[in-house]
Amino acid sequence: MIFHMTVHSNTMIRTTNLTVWRAWRSLMSSLHSGASSGPGSLNTSEEPSAVSTEKPPHTPVMLKEVLHYLDIQPAQVVLDMTFGGGGHTKAILNAVPEVTVLALDRDPTAISLAQQLAKEHSGRVKPLLGRFSELESLLSSVKPASVDAVLLDAGCSSMQMDLAERGFALSKDGPLDMRMDGDRYPDMPCAADVVNTLDQQALASILTAYGEERHARKIASAIVEARRVNPITRTQQLASVVAGSFPAAVVYARKDRLRRPAHVATKTFQALRILVNDELNELHAGLCAARTVLKPGGRLCVVTFHSLEDRLVKRFLQGEDLSNLDRYHFSPRKQGTRKEKVSEGKREGGSVHWLPLRRKVITPEKDDVRDNPRGRSAKLRAALRR
């Protein structure tokens, strides 16, 4: 079995910090007993897909580069592991005749768009609702080593960020949710459950591990103090709590890659989103799935948006042992001293499974960043399945 994660566990938390793991188990118990008051337990009847289908499609990141490195030929089979708004899939369908796209996404909203696209391209698009870790069952009818190309566009989609009710963006006031699966798993914690239940030490560990936040202890302390007065259930409520723990001049002192002011709570939101959606374990499961389904000579393109994701992808393609993911994500200063490899996973010149199509990571061109600022932090890695 290459898929190690289940819906009801989070092994990365357990291996990273025992305090966080125990707090998470306590959180799960309270949710199952109906004790939670966050939007994960109160708003399970919402159907965001009905609203989000009216949004314009997002701009796919590094589309030109993705199409170049995938090098898809007529009548081939492509697995788009993160369909999202369908931008990459639509470009593939328009560029290559008779190609078949297996369109996977964990968000029911995205799958509704994939189903619409399937009607427009009869027989060429096959929507698959599920997570990376559920691909084994979803692709049970697909033979191993039978897919020609795989695209994995990690992270949060523009549709999710643009909808206030999904709770991903700190600039839009909405319920503090952040679940990419929508209401597929109503008993799973949302971001509000996390900030209102975990203790200060656990919150600080999460912000450090998943947000690489230097001020994690200060922010965690502010969250605990604020929730003693009122539960934190809204996105801008959380953003205000984080901002309130800093002097006013510091709130927008951080800069993004375009040198624009970035809110001091940005890394906090990233950390909560990664935790709630178990993104790093899911990314690893997706990479393992790609290795299984790709035929020899098949191509893999992976787009990441922050250092944790890119570090994981880089080391996976190098053949390193990722069975203990905390070694590769939570101590970046020690990366140069890590020498543990999969004994059979390395060969002279790289991994036994992958041949890099380009030695250095690929980043967006200046014009692309100007036209699509959300893709400014994107990194693309491309490899050939040996």
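Values in this document were obtained by computation on a predicted structure and should not be read as measured data.

What follows covers the overall build of the chain. A tally of helices and strands in the chain yields 17 helices and 11 strands. Expressed as a percentage of its 386 residues, the buried residues of the chain come to 54%. Summed over all atoms, the accessible surface of the chain reaches about 17300 Å², with 49% contributed by carbon and sulfur.

All right, on to the packing of helix α14 (residues 266–277) against helix α15 (residues 279–293) then. Here α14 crosses α15 at 55 degrees, and the two axes come no closer than 6 Å. Put simply, α14 runs oblique to α15. Contacts between α14 and α15 involve Arg273, Ile274 and Asn277 from the first element and Glu279, Leu280 and Glu282 from the second. Here the contact of α14 with α15 is composed, by residue class, of 2 nonpolar, 1 polar and 3 charged.

Our focus in this paragraph is the sheet that holds strand β4 (residues 147–153). The pairing of strands in a sheet comes from backbone hydrogen bonds and takes either a parallel or an antiparallel form. Across the sheet, which stays open at both edges, the 7 strands sit in the order β3-β2-β1-β4-β7-β11-β10 with mixed pairing between neighbours. Edge positions in the open sheet fall to β3 (125–129) and β10 (354–356), since each of these has one partner strand only. Going from strand to strand, the sheet's axes swing by 20 degrees on average, the running direction of each strand aside. Pairing analysis gives 5 bridges linking strand β2 (residues 100–105) to β3, with the strands arranged parallel. Looking at β3, one finds that Val101 is bridged to Val125. Relative to strand β7 (residues 294–304), helix α5 (residues 63–70) is tilted by about 165 degrees, and along the sheet it contacts β4, β7 and β11 (379–385).

Let's shift gears to the side chain of Arg385. Tracing the chain through its elements places Arg385 in strand β11. In this structure Arg385 comes out as buried when scored by relative accessible area, which is 16%. Looking at Arg385, its side chain comes within polar contact range of the main-chain oxygen of Arg291, at 2.9 Å. Setting aside chain neighbours within four positions, we find Arg385 in contact with Arg291, Leu294, Lys295, Pro296, Gly297, Gly298, His353 and Trp354.

With that out of the way, let us pick up the confidence of the model for the chain. With 77% of its residues at a pLDDT of 70 or more, the chain has an overall mean of 83. Note that pLDDT drops below 50 for residues 40–56; the model gives that stretch 27 contacts with residues more than four away or on any other chain. Of the regions scoring below 50 in pLDDT, residues 332–344 engages in 19 contacts with residues more than four places distant in sequence or in other chains.

Let us look at the pairing of β2. In terms of residue burial, β2 counts as a mostly covered element, since 6 of its 6 residues are buried. Burial along β2 is two-sided: the face carrying Thr100, Leu102 and Leu104 and the face carrying Val101, Ala103 and Asp105 are both buried. In terms of strand pairing, strand β1 (residues 77–80) meets β2 through 4 bridges, oriented parallel. If you follow Val77 over to β2, its bridge partner there is Thr100. A crossover links β1 with its parallel partner β2, the connecting element being helix α6 (residues 87–95), and its sense is right-handed.

If you trace the backbone, Arg106 turns up in the loop between β2 and α7 (108–120). At a separation of 2.6 Å, a polar atom in the side chain of Arg106 contacts the side chain of Asp181.

The subject of this paragraph is the nonpolar core. Formed by 72 residues in total, the largest nonpolar core has its most connected members in Leu79, Met81, Val150, Leu176, Leu238, Leu287 and Leu300. Among the elements that line this core, the one with the most residues is α15, at 8 residues. Residues within four places of Leu300 in sequence aside, it is in contact with Val150, Leu287, Ala290, Leu294, Leu317, Trp354, Arg381, Ala382 and Ala383. With 29 residues, the next largest nonpolar core counts Tyr69, Leu70, Val125 and Cys301 among its residues.

On to α15. An ideal rise of 1.5 Å per residue puts 21 Å on 15 residues; α15 measures up with 21 Å between its terminal C-alpha atoms. Counting buried positions along α15 yields 13 of 15 residues, so the element is predominantly enclosed.

Turning our eyes to something else, we now look at the pairing of β1. Pairing geometry for β1 and β4, over 3 bridges, is parallel. Each residue of the ladder has a partner; that of Asp80, found in β4, is Leu151.

Turning to the pattern of salt bridges, a few remarks are in order. Pairing is possible between side chains of opposite charge, provided their charged atoms come close. Per the counting criterion, the structure on display carries 14 salt bridges. Across the pair Asp181 and Arg131 runs a salt bridge whose closest N-O atoms are separated by 3.0 Å. Of the two residues, Asp181 is situated in the loop between α9 (158–162) and α10 (191–197) and Arg131 in the loop between β3 and α8 (135–138); the sequence distance between them amounts to 50 residues. Since its relative accessible area comes to 4%, Asp181 is described here as buried.

Attention shifts here to the environment of Arg381. With respect to the secondary-structure elements, Arg381 resides in strand β11. The exposure class of Arg381 is buried, given its relative accessible area of 15%. Along the sequence, Arg381 and Val302 sit 79 residues apart, while their C-alpha atoms lie 5.4 Å from each other. A polar contact is formed between the side chain of Arg381 and the side chain of Asp310, at a distance of 2.7 Å.

Rules used in this analysis
- Numbers given to residues run from 1 along each chain, matching the order in which its sequence is written.
- Totals for whole chains, interfaces and linings use all residues, but because this is a predicted model, local features are given only for residues with pLDDT of at least 70 and pairs of side-chain atoms are given and counted only at 80 or more.
- The side-chain values count all of the structure's non-hydrogen atoms but skip hydrogen atoms and water molecules.
- Under the scheme used here, helices are H or I runs from DSSP no shorter than 4 residues and strands are E runs no shorter than 2 residues, and both carry numbers assigned from the N terminus.
- Working definition: with a 1.4 Å probe on protein chains only, accessible area under 20% of the residue-type maximum means buried, over 50% means exposed, and in between means partly exposed.
- Here, Shrake-Rupley sampling with a 1.4 Å probe gives the accessible areas, and only protein chains in the shown set may cover a residue.
- Fitted lines through C-alpha atoms give the axes, limited to the stretch in contact for helices. The angle between two N-to-C directions lies from 0 to 180 degrees.
- Between 65 and 115 degrees an angle is taken as roughly perpendicular, under 35 as roughly parallel, over 145 as roughly antiparallel, and anywhere else as oblique.
- In what follows, residue pairs with any heavy atoms lying within 4.5 Å of each other are defined as contacts.
- Gly is placed with the polar residues, together with every amino acid not listed as nonpolar (Ala, Val, Leu, Ile, Met, Phe, Trp, Tyr, Cys and Pro) or charged (Asp, Glu, Lys and Arg).
- Strands qualify as paired when DSSP identifies two bridges or more between them.
- Throughout this description, a polar contact denotes any pair of N or O atoms lying within 3.5 Å of each other; where both atoms belong to protein, one of them has to be capable of donating a hydrogen while the other can accept it, and for residues adjacent in sequence the pair is counted only when both atoms sit in side chains.
- Confidence of the prediction at every residue is given by pLDDT, a number between 0 and 100.
- Classification remark: right-handed applies to a crossover when, strands pointing away from the viewer, the course from the first strand over the helix to the second runs clockwise.
- To form a nonpolar core, buried Ala, Val, Leu, Ile, Met, Phe, Trp, Tyr and Cys residues must be joined to one another through side-chain atoms within 4.5 Å.
- One less than the number of residues in a helix, times 1.5 Å, gives the span that helix is expected to have.
- Note on definitions: salt bridges are taken to be side-chain nitrogens of Lys or Arg within 4 Å of carboxyl oxygens of Asp or Glu.

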